[in-house]
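These are the residues of each chain, in order.
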Amino acid sequence: MSHRFLLAIGSATLWVALPASAQAPAKAAAGKPWTQGRTPDGQPDLQGIWTNPTITPFERPVELAGKAYLTEQEAAEQEKRAAAQNSEDAPARPGDVGAYNRFWFDSGTKVVGTRQSSLVVDPPDGRVPVKPAAEAKRDYDSAHITDSYEYMSLWDRCITRGVPGAMFPAGYNNAYQIVQTPGYVVILSEMIHNTRVIPVDGRPHSNANIRLWDGDSRGHWEGQTLVVDTTNYNGKGWISTSAAGGRIKGIQQSEALHVVERFTRTDANTIRYEVTIDDPNVYTKPWKVLIPLTRDADYTIYEYACQEGNEAVGNILRGGRAHDQAAK
(Lines give C-alpha, C1' and ligand atoms only; values in the text may rest on other atoms or scores of the structure.)
Protein backbone atom coordinates (compact mmCIF):
# COMPACT_ATOMS: atom_id res chain seq x y z
CA MET A 1 0.00 0.00 0.00
CA SER A 2 1.11 3.56 -0.63
CA HIS A 3 0.63 6.71 1.38
CA ARG A 4 0.80 10.37 0.48
CA PHE A 5 1.99 11.13 4.02
CA LEU A 6 5.53 9.78 3.70
CA LEU A 7 6.14 11.58 0.46
CA ALA A 8 4.68 14.79 1.81
CA ILE A 9 6.95 14.69 4.85
CA GLY A 10 10.03 13.73 2.89
CA SER A 11 9.77 16.24 0.08
CA ALA A 12 7.17 18.75 1.32
CA THR A 13 5.84 18.76 -2.22
CA LEU A 14 2.40 20.39 -2.43
CA TRP A 15 0.11 19.84 -5.39
CA VAL A 16 -2.77 22.25 -5.84
CA ALA A 17 -5.13 22.05 -8.81
CA LEU A 18 -7.01 25.29 -8.20
CA PRO A 19 -6.56 28.31 -5.94
CA ALA A 20 -8.69 28.13 -2.81
CA SER A 21 -10.84 31.01 -4.03
CA ALA A 22 -11.95 28.90 -6.98
CA GLN A 23 -12.88 25.98 -4.76
CA ALA A 24 -15.15 27.65 -2.21
CA PRO A 25 -18.81 27.71 -3.21
CA ALA A 26 -21.08 30.56 -2.30
CA LYS A 27 -22.75 30.20 1.08
CA ALA A 28 -26.37 30.98 1.79
CA ALA A 29 -26.94 34.28 3.53
CA ALA A 30 -27.92 34.03 7.19
CA GLY A 31 -31.57 33.09 7.51
CA LYS A 32 -32.00 32.26 3.84
CA PRO A 33 -32.32 28.72 2.45
CA TRP A 34 -29.44 27.35 0.41
CA THR A 35 -29.95 27.34 -3.35
CA GLN A 36 -27.95 25.42 -5.95
CA GLY A 37 -25.32 27.63 -7.58
CA ARG A 38 -24.36 27.52 -11.24
CA THR A 39 -21.06 27.59 -13.11
CA PRO A 40 -20.57 30.35 -15.74
CA ASP A 41 -21.74 27.93 -18.48
CA GLY A 42 -24.88 26.97 -16.54
CA GLN A 43 -23.95 23.63 -14.97
CA PRO A 44 -25.12 22.95 -11.39
CA ASP A 45 -22.03 23.77 -9.32
CA LEU A 46 -20.40 20.70 -7.76
CA GLN A 47 -16.93 22.22 -7.48
CA GLY A 48 -14.73 21.95 -4.42
CA ILE A 49 -12.83 19.41 -2.35
CA TRP A 50 -15.01 16.66 -0.91
CA THR A 51 -14.23 13.83 1.51
CA ASN A 52 -15.97 10.61 2.57
CA PRO A 53 -14.11 8.84 5.42
CA THR A 54 -16.54 6.87 7.57
CA ILE A 55 -16.75 3.98 10.00
CA THR A 56 -19.97 2.78 8.35
CA PRO A 57 -19.14 -0.68 6.94
CA PHE A 58 -19.35 -1.33 3.21
CA GLU A 59 -21.74 -4.26 3.66
CA ARG A 60 -24.26 -4.67 6.45
CA PRO A 61 -22.85 -6.75 9.32
CA VAL A 62 -24.61 -10.01 10.08
CA GLU A 63 -25.59 -8.79 13.56
CA LEU A 64 -27.56 -5.94 11.93
CA ALA A 65 -29.51 -8.16 9.54
CA GLY A 66 -32.87 -6.59 8.71
CA LYS A 67 -31.83 -3.20 10.12
CA ALA A 68 -31.31 -0.63 7.38
CA TYR A 69 -30.73 2.34 9.71
CA LEU A 70 -29.16 2.86 13.12
CA THR A 71 -30.81 4.78 15.92
CA GLU A 72 -28.99 7.83 17.30
CA GLN A 73 -27.93 5.78 20.33
CA GLU A 74 -26.62 2.91 18.18
CA ALA A 75 -24.67 5.33 16.00
CA ALA A 76 -23.14 6.96 19.08
CA GLU A 77 -22.15 3.56 20.46
CA GLN A 78 -20.48 2.57 17.20
CA GLU A 79 -18.52 5.83 17.16
CA LYS A 80 -17.47 5.34 20.77
CA ARG A 81 -16.19 1.83 20.02
CA ALA A 82 -14.33 3.08 16.95
CA ALA A 83 -12.67 5.83 18.99
CA ALA A 84 -11.48 3.29 21.56
CA GLN A 85 -10.11 0.97 18.87
CA ASN A 86 -8.25 3.82 17.19
CA SER A 87 -6.69 5.06 20.42
CA GLU A 88 -3.90 2.49 20.39
CA ASP A 89 -2.17 0.13 18.00
CA ALA A 90 -2.77 -3.58 18.20
CA PRO A 91 0.44 -5.65 18.34
CA ALA A 92 1.50 -7.31 15.10
CA ARG A 93 0.73 -10.99 14.72
CA PRO A 94 3.68 -13.42 15.01
CA GLY A 95 5.65 -13.39 11.77
CA ASP A 96 3.94 -10.18 10.59
CA VAL A 97 6.27 -7.22 10.13
CA GLY A 98 3.34 -4.89 10.74
CA ALA A 99 2.33 -1.76 8.88
CA TYR A 100 1.87 1.92 9.58
CA ASN A 101 0.55 2.82 13.02
CA ARG A 102 -2.73 4.62 13.63
CA PHE A 103 -1.15 8.06 13.26
CA TRP A 104 -1.03 7.62 9.49
CA PHE A 105 -4.61 6.51 8.98
CA ASP A 106 -7.59 8.73 8.24
CA SER A 107 -10.45 6.28 7.97
CA GLY A 108 -13.05 8.38 9.74
CA THR A 109 -14.57 8.58 13.21
CA LYS A 110 -18.29 8.91 12.40
CA VAL A 111 -21.03 6.89 10.74
CA VAL A 112 -22.52 8.49 7.64
CA GLY A 113 -25.02 11.25 8.32
CA THR A 114 -27.95 9.16 7.10
CA ARG A 115 -27.14 6.58 9.80
CA GLN A 116 -27.60 3.81 7.22
CA SER A 117 -26.12 0.59 8.58
CA SER A 118 -24.02 -0.09 5.46
CA LEU A 119 -22.86 1.76 2.38
CA VAL A 120 -24.59 -0.90 0.26
CA VAL A 121 -28.28 0.07 0.24
CA ASP A 122 -29.63 -2.27 -2.43
CA PRO A 123 -30.34 -5.20 -2.22
CA PRO A 124 -32.32 -4.37 0.93
CA ASP A 125 -30.21 -6.76 3.03
CA GLY A 126 -27.14 -4.57 2.45
CA ARG A 127 -25.13 -7.45 0.96
CA VAL A 128 -23.53 -7.56 -2.49
CA PRO A 129 -25.02 -10.41 -4.58
CA VAL A 130 -21.71 -11.93 -5.67
CA LYS A 131 -21.68 -15.16 -7.65
CA PRO A 132 -19.76 -18.06 -6.03
CA ALA A 133 -17.41 -18.27 -9.03
CA ALA A 134 -16.37 -14.63 -8.53
CA GLU A 135 -15.60 -15.27 -4.87
CA ALA A 136 -13.60 -18.37 -5.81
CA LYS A 137 -11.55 -16.29 -8.27
CA ARG A 138 -10.91 -13.70 -5.53
CA ASP A 139 -9.70 -16.40 -3.15
CA TYR A 140 -7.46 -17.98 -5.79
CA ASP A 141 -5.84 -14.64 -6.62
CA SER A 142 -5.28 -13.88 -2.93
CA ALA A 143 -3.54 -17.24 -2.43
CA HIS A 144 -1.20 -16.64 -5.39
CA ILE A 145 -0.04 -13.03 -5.02
CA THR A 146 3.56 -14.17 -4.53
CA ASP A 147 3.43 -16.13 -7.82
CA SER A 148 2.88 -13.24 -10.21
CA TYR A 149 2.06 -9.53 -10.24
CA GLU A 150 -1.08 -10.43 -12.19
CA TYR A 151 -2.70 -11.70 -8.98
CA MET A 152 -2.03 -8.46 -7.07
CA SER A 153 -4.46 -5.58 -6.83
CA LEU A 154 -4.17 -2.63 -9.17
CA TRP A 155 -3.76 -0.42 -6.11
CA ASP A 156 -0.69 -2.37 -4.98
CA ARG A 157 0.65 -2.04 -8.54
CA CYS A 158 0.00 1.72 -8.54
CA ILE A 159 -2.28 1.53 -11.59
CA THR A 160 -5.72 2.60 -10.34
CA ARG A 161 -8.34 1.96 -7.67
CA GLY A 162 -10.87 1.74 -10.46
CA VAL A 163 -14.30 3.16 -11.19
CA PRO A 164 -16.32 3.21 -9.03
CA GLY A 165 -13.83 1.72 -6.54
CA ALA A 166 -11.94 5.00 -6.24
CA MET A 167 -15.09 6.56 -4.78
CA PHE A 168 -15.34 3.99 -1.99
CA PRO A 169 -13.83 5.06 1.37
CA ALA A 170 -10.46 3.58 2.31
CA GLY A 171 -8.07 3.92 5.24
CA TYR A 172 -6.69 7.29 4.16
CA ASN A 173 -6.65 9.83 1.30
CA ASN A 174 -10.44 9.94 1.00
CA ALA A 175 -10.56 13.23 -0.88
CA TYR A 176 -11.90 14.24 -4.28
CA GLN A 177 -11.58 17.53 -6.11
CA ILE A 178 -14.30 18.37 -8.61
CA VAL A 179 -13.59 20.94 -11.32
CA GLN A 180 -16.04 21.99 -14.03
CA THR A 181 -15.30 23.57 -17.40
CA PRO A 182 -17.60 24.07 -20.41
CA GLY A 183 -18.57 20.60 -21.61
CA TYR A 184 -16.69 18.66 -18.92
CA VAL A 185 -16.70 17.62 -15.29
CA VAL A 186 -13.32 16.57 -13.90
CA ILE A 187 -12.91 14.46 -10.75
CA LEU A 188 -9.47 14.13 -9.17
CA SER A 189 -9.25 11.24 -6.70
CA GLU A 190 -6.47 11.82 -4.17
CA MET A 191 -5.64 8.12 -3.97
CA ILE A 192 -3.27 7.23 -6.85
CA HIS A 193 -3.92 10.75 -8.22
CA ASN A 194 -6.41 9.52 -10.84
CA THR A 195 -8.15 12.23 -12.85
CA ARG A 196 -11.42 11.42 -14.63
CA VAL A 197 -12.31 13.79 -17.45
CA ILE A 198 -16.03 13.29 -18.04
CA PRO A 199 -17.63 14.88 -21.12
CA VAL A 200 -21.12 16.28 -20.51
CA ASP A 201 -21.66 17.58 -24.04
CA GLY A 202 -23.83 14.73 -25.32
CA ARG A 203 -21.16 12.77 -27.19
CA PRO A 204 -21.65 8.98 -27.38
CA HIS A 205 -19.44 6.36 -25.77
CA SER A 206 -16.23 5.37 -27.54
CA ASN A 207 -16.23 2.41 -29.92
CA ALA A 208 -16.91 -0.84 -28.07
CA ASN A 209 -13.51 -2.15 -29.20
CA ILE A 210 -11.80 0.45 -26.99
CA ARG A 211 -11.41 -1.11 -23.53
CA LEU A 212 -10.03 0.83 -20.57
CA TRP A 213 -8.98 0.18 -16.96
CA ASP A 214 -11.49 2.72 -15.64
CA GLY A 215 -13.99 2.36 -18.45
CA ASP A 216 -15.35 5.09 -20.71
CA SER A 217 -17.41 7.70 -18.84
CA ARG A 218 -20.06 10.00 -20.29
CA GLY A 219 -22.12 12.42 -18.23
CA HIS A 220 -25.37 14.31 -18.56
CA TRP A 221 -27.58 16.39 -16.29
CA GLU A 222 -30.95 15.32 -15.01
CA GLY A 223 -32.14 18.47 -13.29
CA GLN A 224 -29.60 19.19 -10.53
CA THR A 225 -28.10 15.68 -10.72
CA LEU A 226 -24.97 14.75 -12.65
CA VAL A 227 -25.46 11.25 -14.08
CA VAL A 228 -22.27 9.48 -15.21
CA ASP A 229 -22.61 6.35 -17.35
CA THR A 230 -19.46 4.18 -17.63
CA THR A 231 -18.92 1.22 -19.97
CA ASN A 232 -16.06 -0.25 -22.07
CA TYR A 233 -14.11 -1.82 -19.20
CA ASN A 234 -11.14 -4.04 -20.00
CA GLY A 235 -12.13 -6.68 -17.44
CA LYS A 236 -8.78 -6.56 -15.62
CA GLY A 237 -9.74 -4.42 -12.63
CA TRP A 238 -11.24 -5.08 -9.21
CA ILE A 239 -14.47 -3.55 -7.94
CA SER A 240 -12.71 -2.78 -4.63
CA THR A 241 -9.00 -2.72 -3.82
CA SER A 242 -9.20 -1.59 -0.17
CA ALA A 243 -9.62 -3.76 2.91
CA ALA A 244 -12.50 -1.42 3.80
CA GLY A 245 -14.46 -3.26 1.10
CA GLY A 246 -14.46 -6.40 3.23
CA ARG A 247 -15.24 -9.53 1.21
CA ILE A 248 -15.71 -7.39 -1.93
CA LYS A 249 -12.01 -6.59 -2.04
CA GLY A 250 -10.53 -8.58 -4.92
CA ILE A 251 -13.79 -9.25 -6.77
CA GLN A 252 -12.83 -8.88 -10.41
CA GLN A 253 -14.65 -6.77 -12.96
CA SER A 254 -15.61 -8.17 -16.36
CA GLU A 255 -15.93 -6.43 -19.70
CA ALA A 256 -19.70 -6.49 -19.20
CA LEU A 257 -19.52 -4.10 -16.23
CA HIS A 258 -21.90 -1.14 -16.46
CA VAL A 259 -21.74 1.60 -13.83
CA VAL A 260 -24.14 4.51 -13.35
CA GLU A 261 -23.17 7.20 -10.83
CA ARG A 262 -25.40 10.04 -9.63
CA PHE A 263 -24.00 13.19 -7.98
CA THR A 264 -26.63 15.42 -6.38
CA ARG A 265 -25.68 18.41 -4.28
CA THR A 266 -28.19 18.59 -1.44
CA ASP A 267 -26.79 21.60 0.45
CA ALA A 268 -23.69 23.80 0.57
CA ASN A 269 -21.57 21.07 2.14
CA THR A 270 -23.03 17.76 0.93
CA ILE A 271 -23.17 15.76 -2.29
CA ARG A 272 -25.31 12.62 -2.36
CA TYR A 273 -23.23 10.07 -4.28
CA GLU A 274 -25.15 7.05 -5.49
CA VAL A 275 -23.79 4.33 -7.76
CA THR A 276 -25.47 1.33 -9.35
CA ILE A 277 -23.22 -1.56 -10.42
CA ASP A 278 -24.36 -4.12 -12.97
CA ASP A 279 -22.08 -6.95 -14.09
CA PRO A 280 -24.02 -10.11 -14.99
CA ASN A 281 -20.80 -12.12 -15.20
CA VAL A 282 -20.01 -11.37 -11.56
CA TYR A 283 -23.27 -10.62 -9.72
CA THR A 284 -26.69 -12.24 -9.70
CA LYS A 285 -28.34 -8.81 -10.02
CA PRO A 286 -27.42 -5.10 -9.95
CA TRP A 287 -26.58 -3.51 -6.60
CA LYS A 288 -26.32 0.03 -5.27
CA VAL A 289 -24.07 2.03 -2.94
CA LEU A 290 -24.92 5.37 -1.30
CA ILE A 291 -22.18 7.56 0.19
CA PRO A 292 -22.48 11.21 1.26
CA LEU A 293 -19.55 13.43 0.21
CA THR A 294 -18.75 16.30 2.58
CA ARG A 295 -17.12 19.55 1.48
CA ASP A 296 -13.90 20.29 3.36
CA ALA A 297 -12.47 23.68 2.41
CA ASP A 298 -9.51 23.17 4.78
CA TYR A 299 -8.39 19.85 3.29
CA THR A 300 -5.13 19.94 1.37
CA ILE A 301 -4.51 17.38 -1.36
CA TYR A 302 -0.85 16.43 -1.57
CA GLU A 303 0.72 14.59 -4.47
CA TYR A 304 0.14 10.86 -4.19
CA ALA A 305 3.31 9.66 -5.90
CA CYS A 306 2.73 5.92 -5.81
CA GLN A 307 6.35 4.80 -5.54
CA GLU A 308 6.08 2.04 -2.97
CA GLY A 309 4.47 -0.33 -5.46
CA ASN A 310 7.56 -0.08 -7.63
CA GLU A 311 9.56 -1.71 -4.83
CA ALA A 312 6.88 -3.77 -3.09
CA VAL A 313 5.84 -5.80 -6.13
CA GLY A 314 9.40 -6.96 -6.76
CA ASN A 315 10.01 -7.66 -3.07
CA ILE A 316 6.82 -9.72 -2.79
CA LEU A 317 7.78 -11.81 -5.81
CA ARG A 318 11.35 -12.29 -4.53
CA GLY A 319 9.89 -13.41 -1.21
CA GLY A 320 7.74 -15.91 -3.06
CA ARG A 321 10.71 -17.32 -4.95
CA ALA A 322 12.68 -17.58 -1.69
CA HIS A 323 9.77 -19.49 -0.17
CA ASP A 324 9.73 -21.84 -3.17
CA GLN A 325 13.45 -22.44 -2.84
CA ALA A 326 13.18 -23.16 0.87
CA ALA A 327 10.39 -25.64 0.19
CA LYS A 328 12.71 -27.63 -2.06
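We now turn to the structure provided with this report. Computed from a predicted structure; not experimentally measured.

Focus on the pattern of salt bridges
Link 1 in the chain: Applying the stated criterion to the full structure yields 15 salt bridges.
Link 2 in the chain: In this structure, glutamate 135 and arginine 138 form a salt bridge, with 3.1 Å as the shortest nitrogen-oxygen distance. Of this pair, glutamate 135 and arginine 138 both sit in helix α4 (residues 132-143), three residues apart, which is roughly one turn of the helix.
Link 3 in the chain: Overall, the relative accessible area of 21% leaves glutamate 135 in the partly exposed class.
Link 4 in the chain: Relative accessible area serves as the criterion here: at 14%, arginine 138 is assigned to the buried category.
Link 5 in the chain: A salt bridge links aspartate 216 to arginine 218, with the nearest nitrogen and oxygen atoms 3.1 Å apart. Of the two residues, aspartate 216 and arginine 218, neither departs from the other in class, the shared state being buried.
Link 6 in the chain: Bridged by salt links that share partners, the residues Glu59, Glu135, Arg138, Asp139 and Arg247 form one connected network.

Considering unusual backbone geometry
Glycine aside, negative phi is the norm for most residues, and most peptide bonds take the trans geometry.
Link 1 in the chain: In this structure, proline 123 follows aspartate 122 across a cis peptide bond, with omega equal to 10°.
Link 2 in the chain: Cis geometry is found at the peptide bond from valine 163 to proline 164, where omega equals 10°.
Link 3 in the chain: Of note, proline 164 is situated in the loop between α4 and β3 (175-181).

Details of the nonpolar core
Link 1 in the chain: Core analysis: the biggest nonpolar cluster contains 37 residues, and Phe58, Phe263, Tyr283, Trp287 and Val289 have the highest contact counts within it.
Link 2 in the chain: Membership of the second largest hydrophobic core comes to eight residues, among which are Ala170, Tyr172, Tyr304 and Cys306.

Things to note about the state of the cysteines
Link 1 in the chain: Considering all chains together, one arrives at one disulfide under this definition.
Link 2 in the chain: Each sulfur in the disulfide pair cysteine 158 and cysteine 306 lies 2.0 Å from the other. Here cysteine 158 and cysteine 306 share a disulfide; its torsion about the S-S bond, -70°, makes the bridge left-handed. Residue cysteine 158 is found in the loop between α4 and β3, and its partner cysteine 306 is found in the loop between β10 (287-295) and α5 (308-327); the two are separated by 148 residues along the sequence.
Link 3 in the chain: Accessibility expressed as a relative area gives 8% for cysteine 306, which makes it buried.

Observations regarding the packing of aromatic side chains
Link 1 in the chain: In the structure shown here, the tally under the stated rule is seven aromatic pairs.
Link 2 in the chain: Residues phenylalanine 105 and tyrosine 172 carry aromatic rings whose centres are separated by 5.9 Å and whose planes lie at 65° to one another, so their mutual orientation is edge-to-face. With phenylalanine 105 in the loop between α3 (72-85) and β2 (120-122) and tyrosine 172 in the loop between α4 and β3, this pair connects stretches of sequence that are 67 residues apart.
Link 3 in the chain: By relative accessible area, which is 1% here, tyrosine 172 ends up buried.
Link 4 in the chain: Aromatic pair tryptophan 155 and tyrosine 172: ring centres 6.1 Å apart, planes at 50°, arrangement tilted. With tryptophan 155 in the loop between α4 and β3 and tyrosine 172 in the loop between α4 and β3, this pair connects stretches of sequence that are 17 residues apart.
Link 5 in the chain: Taking relative accessible area as the criterion, tryptophan 155 reaches 3% and is therefore assigned buried.
Link 6 in the chain: Through a chain of ring-to-ring contacts, the aromatic side chains of Phe58, Phe168, Tyr283 and Trp287 assemble into a single cluster.
Link 7 in the chain: Over the face of the ring belonging to tryptophan 155 we find arginine 161, whose NZ or CZ atom lies 5.5 Å from the ring centre.

About the thresholds
Each chain has its residues counted from 1, running along the sequence as written. Given that the model is predicted, a residue must reach a pLDDT of at least 70 before its local features are reported, and side-chain atom pairs must reach 80 or more before they are shown or counted; all residues, however, enter totals for whole chains, interfaces and linings. Heavy atoms from the whole structure form the basis of all side-chain values; hydrogens and water molecules are not counted. One side-chain nitrogen of Lys or Arg within 4 Å of one carboxyl oxygen of Asp or Glu is enough to make a salt bridge. The secondary structure listing takes helices from DSSP runs of H or I that are at least 4 residues long and strands from runs of E that are at least 2 residues long, numbered from the N terminus. Think of it in three bands: with a 1.4 Å probe and only protein chains considered, a residue is buried below 20% of the maximum accessible area for its type, exposed above 50%, and partly exposed in between. Here, the term nonpolar core denotes a set of buried Ala, Val, Leu, Ile, Met, Phe, Trp, Tyr and Cys residues that are joined through side-chain atoms within 4.5 Å. Pairs of cysteine sulfur atoms within 2.5 Å are what we label disulfides. Two rings from Phe, Tyr or Trp (for Trp, the six-membered ring) form a pair when their centres sit within 6.5 Å of each other. Planes less than 30 degrees apart are called stacked, planes more than 60 degrees apart edge-to-face, and all others tilted. Ring-over charges, as used throughout, are those where CZ of Arg or NZ of Lys falls within 6 Å of the ring centre and within 35 degrees of the ring normal.

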